[in-house]
Amino acid sequence: MTARDTDWEGVRLHVVTGKGGTGKTTVAAALALALASVGGKVLLMEVEGRQGIAQLFDCPPLPHEERKVAVAPGRPGRAGGEVYALAADPESALVEYLETFYNLPHAGRALNRLGVVDFVTTIAPGLRDVLLTGKAAEATRRRVGRRRVYNAVVMDAPPTGRIARFLNVATEVSGLAKVGPIRGHADTVQGVIRSPQTAVHFVTVLEEMPVQETLDGVAELRGLSPGGLQLGGIMINMVRRVELSDDELAVAAAGRLDVHELALGLKAAGIEDGAGPGGNLDLAGSLTAELTERATEALAQREERELLAGIGQPCYELPLITDGMDLAGLYRLAGALREQGAA
Ligand SMILES: Nc1ncnc2c1ncn2[C@@H]1O[C@H](COP(=O)(O)OP(=O)(O)O)[C@@H](O)[C@H]1O
Ligand SMILES: [Mg+2]
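Reference entry: report on the structure contained in this document. (Residues numbered from 1 in each chain as written. Chains lettered and ligands numbered in written order. Predicted model: local features only at pLDDT ≥ 70, side-chain atom pairs only at ≥ 80, totals over all residues. Heavy atoms only, no water.)

For ligand 1, the set of nearby residues contains 15 residues, the closest of which are K24, T25, T26, N237 and I321. Contacts to ligand 1 include T22, whose backbone N or O atom sits 3.4 Å from an oxygen atom. In the model, an oxygen atom of ligand 1 is placed 2.8 Å from a nitrogen or oxygen of the T25 side chain. When contributions to the shell around ligand 1 are tallied by element, the ones reaching two or more residues are α1 (24-36) and β9 (231-239). With 3 residues, the top contributor of residues to the shell around ligand 1 is α1. (Near = heavy atom within 4 Å. Polar contact = N/O pair within 3.5 Å; in protein donor to acceptor, adjacent residues only side chain to side chain. Helix = DSSP H or I, 4+ residues; strand = E, 2+ residues; numbered from the N terminus.)

Now the structure itself:
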């Protein structure tokens with residue numbers, strides 16, 4: 001692997017949060033592809049049991065087991081690395097945990113059959129989250145011999161409103177369990193989550209609500225003590241290119257576009273709308289209405305962008321993919337992340 005300067009050198013666990021529907025799963029997948037493009041293996045992990053990753057990569061539902069889902073785009077003359085995916089579920093994680101820490105190969109399975117595992121994870125939602133963050137921490141640290149198994153782990157994490165609690169829960173559990181393996185486990189998990197190896201990225205779109213949620217989420221993470229968590233990048237998703245100059249935008253947004261001039265322009269361009277009685281004037285009328293709307297939106301988005309820039313973390317822009325989100329679309333998003341230094 002060649003060294004390459006990115007903004008997140010040294011980060012090995014990338015936690016991706018954001019308001020639901022802004023593209024958290026999609027951006028997490030694109031980030032995993034981007035990170036894998038230098039070679040090696042990257043694990044993309046979801047923790048909410050939605051099977052969003054399987055849908056995105058068009059493969060059957062993921063078991064609680066790591067599966068190869070994609071090969072990353074390489075660079076000229078070099079193959080890309082591989083993206084593995086895992087739909088982590090707390091029950092399986094608890095069984096694994098019991099087997100590893102108590103060194104009882106079948107204890108977990110027996111307890112699972114008796115329904116004890118279900119019971120435990122239901123009565124102790126905190127424990128549930130520790131098991132999930134624990135799984136991410138374990139994958140991040142995993143080695144075979146001296147070699148790390150994954151160069152990076154990307155977690156499609158819970159949404160903004162729940163992220164601080166989710167990531168902090170091991171601290172709470174660690175405070176409750178004074179000694180013993182659970183305490184040790186919680187401490188190990190926190191050791192990874194609160195280290196420079198972990199960064200929390202926020203996905204948003206340029207709309208008021210998701211931007212506000214991002215600001216709130218960032219403030220909440222910054223407020224966690226002690227030490228807090230390392231903030232990552234702000235990933236602005238579904239960005240539409242604006243082709244108009246500032247002056248044109250202002251004119252269009254103010255609804256001061258000259259309909260007659262536009263109608264003449266259309267005619268000059270060889271567009272004749274013979275339909276309605278108004279002809280090109282009608283067409284120009286609906287176009288100016290559309291332009292006014294788009295320009296107003298673009299101006300409002302500037303304000304949102306400034307609010308996001310005010311967070312003081314690197315911002316990345318991901319284009320709106322208009323021809324359907326498939327692997328090619330994900331590659332484009334991954335490319336955008338790499339060009340901007342996010343991976
Ligand atoms: N950059 C993009 N361009 C176009 N469509 C996108 C983009 N990012 C996400 N989408 C689409 O938006 C929808 C929500 O994305 P998803 O990643 O599932 O969001 P979340 O995980 O935040 O709920 C999906 O249909 C997805 O294909
Ligand atoms: Mg999702």
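Alright, that's what it looks like, and here's the rest.
Next up on the list: the pairing of β9. Counted residue by residue, β9 has 8 buried out of 9 residues, so it is predominantly covered. Both strand β8 (residues 198-204) and β9 contribute to a ladder of 4 bridges, which runs parallel. In the sheet register, V200 faces β9, and the bridge partner there is L231. The pairing of β9 with strand β10 (residues 315-319) spans 4 bridges and is classified as parallel. In the sheet register, I236 faces β10, and the bridge partner there is E317. (Buried < 20%, exposed > 50% of the residue type's maximum accessible area, 1.4 Å probe, protein only. Pairing = 2+ DSSP bridges.)

Let us now look at a nonpolar patch on the surface. A cluster of nonpolar side chains, V242, L244 and L291, forms an exposed patch at the surface whose accessible area comes to about 200 Å². Positionally, L244 belongs in the loop between β9 and α10 (246-253). Accessibility expressed as a relative area gives 31% for L244, which makes it partly exposed. (Patch = residues over 30% accessible without salt bridge, like charges linked within 9 Å, V, L, I, M, F, W, Y side chains within 5 Å. Areas by Shrake-Rupley, 256 points an atom, 1.4 Å probe, with all protein chains shown as cover. Salt bridge = Lys/Arg side-chain N within 4 Å of Asp/Glu carboxyl O.)

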